[in-house]
Every structure is written in structure tokens, then in C-alpha cells.
Amino acid sequence: DDLDFSNILKSAIQAELPDVEVTATDDGYEGLMLIGELKPQLVILDIKMPKLDGFQVLELLRGRKAEQELKVLVITGYLDPDTKQQLAKTIADNWMDKLTDIDVMIRTIVAYVRSERPLLQDHSNT
């Protein structure tokens, strides 16, 4: 739901992983369609989005995650204890607050793309 944040994150990912294709949308429905079309290895998802919110997208991705190697990282500005508890019941592999240092976000994303163990697991307060 935050185009400026998306553009900053996209630029940072492309700078660190220049051979990786990065596609962005601010709409949950369009994002779901792009995931089906592009079959990405990593989905970075917000919670608050128009048409379909992040929880709806996570639920609709449940079957696909079983069929393909798909990692889901939620980055949101709404990471309160209730949201963390809800996320723990989804297929999300990890989540972090939008206020997390951009370098930490990028290192986590790079680890997922390179199929390494991610550096940050924010499941501690669930």
C-alpha cells in the first residue's frame, strides 16, 4: 500500500541482486495474478493492500506453496502482537516491520533468494 516504500525496496534489491527480476504491485489481487504468472521464488507481501489484503493472499497461496518452492516474507507497518499471532498461523516464512533497517531487510531477502537460511526470524514475540 506504500508505493514509495516499494520503489525504495525494489531499488535496493536490484542493487544487491542485479540478476534477479523484481516485479512490484500495490494491489493484492494483481499480486496474486503475478505470482501465478511469474512463479517467483520469493514473495514480499504487505498486510494492508487494496482488493485483497495480505492475509487473503497468504490463504490463497497456501496450495501453491506446497506445489512450488515459494518463500513468503511479510514486511508491514502493522506488526503488532495480534498481527504476529495471525501470521504465525499462515504460510508466511518470516515477517518484519517496515521500520526494520533496510540493510537487514536486504540481507534477509538475499538469503531467501540464494536459498540460504535467513538472517532474521522475527517469530520471537508470537
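Rules and cut-offs
Residues numbered from 1 in each chain as written. Predicted model: local features only at pLDDT ≥ 70, side-chain atom pairs only at ≥ 80, totals over all residues. Heavy atoms only, no water. Helix = DSSP H or I, 4+ residues; strand = E, 2+ residues; numbered from the N terminus. Rg over C-alpha atoms; globule rule 2.2 N^0.38 Å. Buried < 20%, exposed > 50% of the residue type's maximum accessible area, 1.4 Å probe, protein only. Contact = heavy atoms within 4.5 Å. Areas by Shrake-Rupley, 256 points an atom, 1.4 Å probe, with all protein chains shown as cover. Lys, Arg positive; Asp, Glu negative; His and termini not counted. Charge placed at Lys NZ, Arg CZ, Asp CG, Glu CD. Expected span 1.5 Å × (residues − 1). Bend = angle between axes of the 7 residues up to and from the residue. Polar contact = N/O pair within 3.5 Å; in protein donor to acceptor, adjacent residues only side chain to side chain. Salt bridge = Lys/Arg side-chain N within 4 Å of Asp/Glu carboxyl O. Pairing = 2+ DSSP bridges. Arc of directions from axis to C-beta.

S.K.: Even after reading the chapter, I still don't get the overall build of the protein, so can you show me in this structure?
M.R.: Helix and strand content of the protein: five helices and three strands. Starting at the N terminus and walking to the C terminus, you meet the elements of the protein as α-α-β-α-β-α-β-α. The C-alpha atoms of the protein give 13 Å as radius of gyration, which agrees with the globular expectation for 126 residues (14 Å, within 12%). Projecting the C-alpha coordinates of the protein onto the three principal axes gives extents of approximately 35 × 30 × 30 Å. Within the span of the protein, comprising 126 residues, buried residues form 41% of the whole. Partitioning the contacts of the protein with sequence separation of at least 6, the portion at a separation of at least 24 is 59%. In the form shown here, the protein has an accessible surface area of approximately 7300 Å², with 48% of it arising from carbon and sulfur atoms. On the protein, the mean spot of the 14 positive side-chain charges and the mean spot of the 23 negative ones are 5 Å from each other.

S.K.: Before we go on, may I ask you to explain helix α3 (residues 54-67) in this structure?
M.R.: Counting along an α-helix, one turn takes 3.6 residues, and residues three or four places apart therefore face a common direction. Along its 14 residues, α3 runs 20 Å from first to last C-alpha, staying within 8% of the 20 Å computed at 1.5 Å per residue. Its axis deflected by about 45° at Leu61, α3 carries its strongest bend there. Along its buried surface, α3 packs onto α2 (28-38), β1 (42-45), β2 (71-76) and α4 (81-87). With a side-chain oxygen positioned 3.0 Å from the backbone nitrogen of Phe55, the residue opening α3 is Asp53.

S.K.: Where do I start with the pattern of salt bridges in this structure?
M.R.: Where charged atoms of side chains with opposite charge meet at close range, the side chains can pair. Within this structure, the stated rule accounts for three salt bridges. Taking the shortest distance from any N to any O, the salt bridge between Asp27 and Lys51 comes out at 3.2 Å. Of this pair, Asp27 sits in the loop between α1 (3-16) and α2 while Lys51 is found in the loop between β1 and α3, placing the two residues 24 residues apart along the sequence. In this structure Asp27 comes out as buried when scored by relative accessible area, which is 9%. Across the salt bridge formed by Lys98 and Asp46, the nearest N and O atoms sit 3.0 Å from each other. Placement of Lys98 in the loop between β3 (94-97) and α5 (102-113) and of Asp46 in the loop between β1 and α3 is noted, with a sequence separation of 52 residues between them. We classify Asp46 as buried; its relative accessible area is 8%.

S.K.: Sorry if this is basic, but what is going on with the pairing of β1 here?
M.R.: Put simply, side chains in a regular strand alternate between the two faces of the sheet. Of the pairings in the sheet, the one linking β1 to β2 comprises four bridges and is parallel in character. Its bridge partner lying in β2, Ile44 is registered against Leu73.

S.K.: How do you make sense of α2 when you look at a structure like this?
M.R.: Gly28, Gly31, Leu32, Leu34 and Ile35 are the residues of α2 that are buried. Take α2 and look down its axis: the buried residues cluster within an arc of 160°, on one side only. Buried-residue contacts for α2 involve β1 and α3. Capping of α2 at its N-terminal end is provided by Asp27; its side-chain oxygen lies 2.7 Å from the backbone amide nitrogen of Tyr29. Positive backbone phi, at 50°, marks Lys39, one or two positions downstream of α2.

So far we have only geometry, and geometry alone does not tell us how the molecule works.
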